Each structure stands twice: as C-alpha cells, then as structure tokens.
Amino acid sequence: MGTPGWKGEAQVIQLDLAGFAISAWSACSIGKVKTSTVLQAMGYDEVIASCAIRVSLGLETTEDHVMRFAQAWLDKETKFRARAA
C-alpha cells in the first residue's frame, strides 16, 4: 500500500538521509522515471504506484535491520501525514 501524495522519490531521499538505500523504481528500470507498469498490472492505479518504494533484503540483512527500517519509514510517514493535514 502506498501513501497517496508521498511520492516514491521523496521517500527515497528521506530514507537515504536516515541511512537506508532503497529505490522508487523496479530493478529493471534504472534511469527511467515513470510509474511502475508491474504495480499497475497488479491493479494499483497510477497515484498509488507513484508512491511505492522498493526495499531489497540481502543474505546479511538481520531482523534488527528490518525493524530499524520499518521504524524509520513509519516516523517519516507520520511526519508526512502531519504536514499534509
């Protein structure tokens, strides 16, 4: 689920500043700034698809890494909603 109005690109910048490397596009779309056709094929409209991010995990990713990311994202999303209200 995306957060309408909180563009994927903005999330990438904010979470990069928090120390996380994520993307707003699919792995096969590097250099292309457009809404994910994969998400649209899954039934998400362009508004929600443009607010999506891609988070990749590796073999060395720990539960702590995931929990720290989730908390950082939630903190940023809460601030976004407060500003949007």
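Each remark here, short or long, concerns the structure printed above.
This text gives an overview of the structure that appears in the document.

What counts, and at which threshold
- Residues numbered from 1 in each chain as written.
- Predicted model: local features only at pLDDT ≥ 70, side-chain atom pairs only at ≥ 80, totals over all residues.
- Heavy atoms only, no water.
- Phe/Tyr/Trp six-rings, centres within 6.5 Å; stacked < 30°, edge-to-face > 60°.
- Helix = DSSP H or I, 4+ residues; strand = E, 2+ residues; numbered from the N terminus.
- Buried < 20%, exposed > 50% of the residue type's maximum accessible area, 1.4 Å probe, protein only.
- Contact = heavy atoms within 4.5 Å.

1. Regarding the packing of aromatic side chains
Per the stated rule, a full pass over the model turns up 3 aromatic pairs. A centroid spacing of 5.6 Å and a plane angle of 40° characterise the contact between W6 and W73, whose relative ring orientation is tilted. Of this pair, W6 sits in the segment before α1 (8-17) while W73 sits in helix α4 (residues 63-84), placing them 67 residues apart in sequence. Accessibility expressed as a relative area gives 1% for W6, which makes it buried. Of the residues examined, W73 reaches a relative accessible area of 22% and is grouped as partly exposed. Taken together, a centroid distance of 5.3 Å and an interplanar angle of 80° make the contact between F20 and F69 edge-to-face. With a gap of 49 residues between them, F20 in the loop between α1 and α2 (37-41) and F69 in helix α4 connect regions that are remote in the sequence.

2. Brief notes about the side chain of S23
Counting through the fold element by element, S23 comes out in the loop between α1 and α2. Setting aside residues up to four positions removed in sequence, S23 forms contacts with V12, I53 and R54.

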